[in-house]
Amino acid sequence: IIEHSFGYSTFKHTAYNICSEMKVFCPKEEKIKLCKVSLKNLSNVDKNLSIFYYAQLVLGVYNYGSAKYISTSIQGKYIYGQNPYSKYFGKLKAYLSINGDKNQSFTGNRKSFLGVGGELSSPKALLENSLDNLSGSIYDPCLGAKLDIKLKAGEEREIIIIFGQEESEELI
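Treat the numbers as computed from the prediction; the structure is a model and nothing was measured.

Further remarks concern the environment of isoleucine 70. Within the element layout of this structure, isoleucine 70 appears in the loop between helix 1 (63–66) and strand 6 (71–75). Among the residues examined, isoleucine 70 registers a relative accessible area of 0% and is labelled buried. For the pair isoleucine 70 and isoleucine 138, spaced 68 residues apart in sequence, the C-alpha to C-alpha distance is 8.9 Å. Residues in contact with isoleucine 70, not counting those within four places in the same chain, are Leu57, Val58, Leu59, Gln82, Asn83, Gly136, Ser137 and Pro141.

Moving on, we get to the packing of aromatic side chains. In the structure shown here, the tally under the stated rule is 6 aromatic pairs. Measuring from ring centre to ring centre gives 6.2 Å for phenylalanine 52 and phenylalanine 113, while their planes differ by 80°; the resulting arrangement is edge-to-face. Here phenylalanine 52, found in strand 5 (residues 47–56), pairs with phenylalanine 113, found in helix 2 (residues 110–114); they are 61 residues apart in sequence, far enough to count as distant. Phenylalanine 52 gets classed as partly exposed once you look at its relative accessible area, which sits at 23%. A relative accessible area of 4% means that phenylalanine 113 is categorised as buried. Centre to centre, the rings of tyrosine 53 and phenylalanine 163 are 5.8 Å apart; their planes meet at 40°, and the pair counts as tilted.

Pairing within the open sheet is antiparallel, and its 8 strands lie in the order 1-2-3-4-11-8-7-6. Looking along the sheet, the strands with just one partner apiece sit at the ends: strand 1 (2–5) and strand 6. Averaged over neighbouring strand pairs, the angle between their axes works out to 15° when direction is ignored. As paired strands, strand 4 (residues 32–41) and strand 11 (residues 156–166) are joined by 9 bridges and run antiparallel to one another. Of the residues in strand 11, the one forming a bridge with serine 38 is glutamate 158.

In terms of strand pairing, strand 2 (residues 8–15) meets strand 3 (residues 18–25) through 8 bridges, oriented antiparallel. Bridging from a neighbouring strand, threonine 10 pairs with lysine 23 of strand 3. Count of turn residues in the strand 2/strand 3 antiparallel hairpin: 2 residues, of which tyrosine 16 carries a positive phi of about 55°. Hairpin remark: strand 3 followed by strand 4, antiparallel, with 6 residues in the connecting loop; positive phi at glutamate 29, about 70°.

Moving on to the nonpolar core. In terms of nonpolar packing, the biggest core is built from 23 residues, with Leu39, Ile98, Ile159 and Ile161 touching the most fellow members. Taken together, the elements giving at least two residues each to this core come down to strand 3, strand 4, strand 5, strand 8 (93–99), strand 10 (141–151) and strand 11. For this core, the leading source of residues is strand 10, giving 5 residues. Among all residues touching isoleucine 159, those that are not within four sequence positions of it are Cys35, Lys36, Val37, Leu39, Ile51, Ile98, Asn99, Gly100, Leu147 and Ile149.

With 100% of its residues at a pLDDT of at least 70, the protein reaches an overall mean of 94. Looking across the protein, the model is least confident in helix 1, with a mean pLDDT of 84, and most confident in strand 3, with 98.

What follows concerns the side chain of threonine 72. Considering the arrangement of structural elements, one finds threonine 72 in strand 6. The buried category is assigned to threonine 72, whose relative accessible area is 5%. For threonine 72, the residues in contact, after removing those within four places along its chain, are Leu57, Tyr80, Gly81, Gly108, Ser135, Gly136, Pro141, Cys142 and Leu143.

Turning our eyes to something else, we now look at the sheet that holds strand 9 (residues 104–109). Strand pairing within a sheet occurs via backbone hydrogen bonds; the two strands may be parallel or antiparallel. Strand order across the open sheet formed by 3 strands is 5-10-9, with antiparallel pairing between neighbours. The open sheet has two edge strands with one neighbour each: strand 5 and strand 9. For this sheet, the mean inter-axis angle between neighbouring strands, taken without regard to orientation, is 15°. Pairing of strand 9 with strand 10, which is carried by 5 bridges, proceeds in the antiparallel orientation. Pairing of glutamine 104 across the sheet is with leucine 147, part of strand 10.

Criteria and thresholds
Residues numbered from 1 in each chain as written. Predicted model: local features only at pLDDT ≥ 70, side-chain atom pairs only at ≥ 80, totals over all residues. Heavy atoms only, no water. Helix = DSSP H or I, 4+ residues; strand = E, 2+ residues; numbered from the N terminus. Buried < 20%, exposed > 50% of the residue type's maximum accessible area, 1.4 Å probe, protein only. Contact = heavy atoms within 4.5 Å. Phe/Tyr/Trp six-rings, centres within 6.5 Å; stacked < 30°, edge-to-face > 60°. Pairing = 2+ DSSP bridges. Axes fitted to C-alpha atoms, helices over the stretch in contact; angles between N-to-C directions. Core = buried A, V, L, I, M, F, W, Y, C linked by side-chain atoms within 4.5 Å. pLDDT = per-residue confidence, 0-100.

Below you can see the structure in the form of structure tokens.
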């Protein structure tokens, strides 16, 4: 079920005894997109789940013109990308984090997330135990994050995905 309202959208789905709801919104006056993911294990057994978020970076006018100038970096609990050569986006850092547990991994390498010739409909990352934590300026850039959680029988948990943009790392 998808519901759109003033300033937010809600996505609800139940499968494999996991009830999920994701509310997506952008706080006013902020350069950030938040996804609040609520999960509930409806079964009598513990479940291991992985939450992924992927963003292809442009940080310029066109992807094919700016990708070669974008570099990514992993800083503890988040990954960011920047294009210092862009006239309009040069000072900005796009960043991504999933808050909710300690088992988080990242990649700034689009090929390692999607696979060689991979598609968003079936990314290689879904088959891996964790993302490779690769970042730098030599990769086809993306921001990819994975969070592994254990949801006990009957347990409810809330995860926050943060995708934003700031001029300085101190503001992230």
